[in-house]
Amino acid sequence: MPVIRVRRRPTATRLMAVAVAAVTLLGLVGWYLFSGRGAGLLPQDSWGPWRQKQVHGWSVWVRVNSWSDAAEANGAYGKADDFSLKAYGTPATAATVMDGTRFTLAPDGRLTVDGPRAR
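A few points on the structure. (Residues numbered from 1 in each chain as written. Predicted model: local features only at pLDDT ≥ 70, side-chain atom pairs only at ≥ 80, totals over all residues. Heavy atoms only, no water.)

1. Some details on the sheet that holds strand E2 (residues 58-64)
The 4 strands are arranged E1-E2-E3-E4 in an open sheet whose pairing can be described as antiparallel. The open sheet has two edge strands, strand E1 (51-55) and strand E4 (81-88), and neither has a second partner. For this sheet, the mean angle separating the axes of adjacent strands, direction not counted, is 20°. (Pairing = 2+ DSSP bridges. Helix = DSSP H or I, 4+ residues; strand = E, 2+ residues; numbered from the N terminus. Axes fitted to C-alpha atoms, helices over the stretch in contact; angles between N-to-C directions.)

2. Comments concerning the sheet that holds strand E6 (residues 102-105)
Read from one edge to the other, the open sheet built from 3 strands follows the order E5-E6-E7, with strand pairing classed as antiparallel. Every other strand in the sheet has two partners, leaving strand E5 (92-95) and strand E7 (111-114) as the edge strands with one partner each. Averaged over neighbouring strand pairs, the angle between their axes works out to 20° when direction is ignored. Bridge analysis of E5 against E6 gives 4 bridges, and the strand direction is antiparallel. Looking at the pairing, Thr93 lines up with Thr104 of E6.

3. Here's the deal with the pairing of strand E3 (residues 70-77)
Within E3, 6 of the 8 residues are buried, leaving the element largely enclosed by the surrounding structure. When E2 meets E3, the two strands line up antiparallel, connected through 6 bridges. Its bridge partner being in E3, Val62 is matched across the sheet by Ala73. Taking the residues that link successive antiparallel strands as the turn, the E2-E3 hairpin has 5 residues. Alignment of E3 against E4, held across 8 bridges, turns out to be antiparallel. Counted as the bridge partner of Glu72 is Lys86 from E4. Between E3 and E4, which pair antiparallel in sequence order, lie 3 residues; one of them, Gly78, sits at a positive phi of approximately 60°. (Buried < 20%, exposed > 50% of the residue type's maximum accessible area, 1.4 Å probe, protein only.)

4. Focus: the packing of aromatic side chains
In this structure the tally under the stated criterion is 5 aromatic pairs. Summarising the aromatic geometry, the rings of Trp58 and Tyr77 are spaced 5.2 Å apart at their centres and angled 50° between planes, so their arrangement reads as tilted. Separated by 19 residues along the polypeptide, Trp58 in strand E2 and Tyr77 in strand E3 bring together distant segments of the chain. Given the relative accessible area of 0%, Trp58 is considered buried. Summarising the aromatic geometry, the rings of Phe83 and Phe103 are spaced 4.4 Å apart at their centres and angled 20° between planes, so their arrangement reads as stacked. With Phe83 in strand E4 and Phe103 in strand E6, this residue pair connects regions lying 20 residues apart in the sequence. Sitting over the face of the ring of Trp47, Arg63 holds its NZ or CZ atom 4.6 Å from the ring centroid. (Phe/Tyr/Trp six-rings, centres within 6.5 Å; stacked < 30°, edge-to-face > 60°. Lys NZ or Arg CZ within 6 Å of the ring centre and 35° of its normal.)

5. Side note on the nonpolar core
Grouped together as the largest cluster of nonpolar side chains are 14 residues, with contacts concentrated most on Val60, Ala73, Phe83, Leu85, Phe103, Leu105 and Leu111. Elements with a minimum of two residues in this core: E2, E3, E4, E5 and E6. What Leu85 contacts, discounting residues up to four positions off in sequence, is Ala71, Glu72, Ala73, Ala92, Thr93, Ala94, Phe103, Leu105 and Leu111. (Core = buried A, V, L, I, M, F, W, Y, C linked by side-chain atoms within 4.5 Å. Contact = heavy atoms within 4.5 Å.)

Nothing here speaks to function; it is geometry throughout.
Below, the structure is given as structure tokens:
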């Protein structure tokens, strides 16, 4: 005699659990991207233009992300030394090899300089 299988419908509790899991996952992904931690995954159009600053002989280009709490900076001292900073949600710091100047980039695009050339 053949076995008759009756398919069960998903219960309301099971559907609610899936919905809660989906909303939680989407919330975590949104928080990760827009808090600045996932700024590298955001589209190129969300970044503002590069702005150039002259800081004690250093040429520094800074851009800020308009969607999240993130900024990037590239700096060069001619061909002698260069650095790159990515402040995705937290400040980023780099010290130069040439003279020990320390650059700190905040996620809002503020650049601070500390070291021999800053005095």
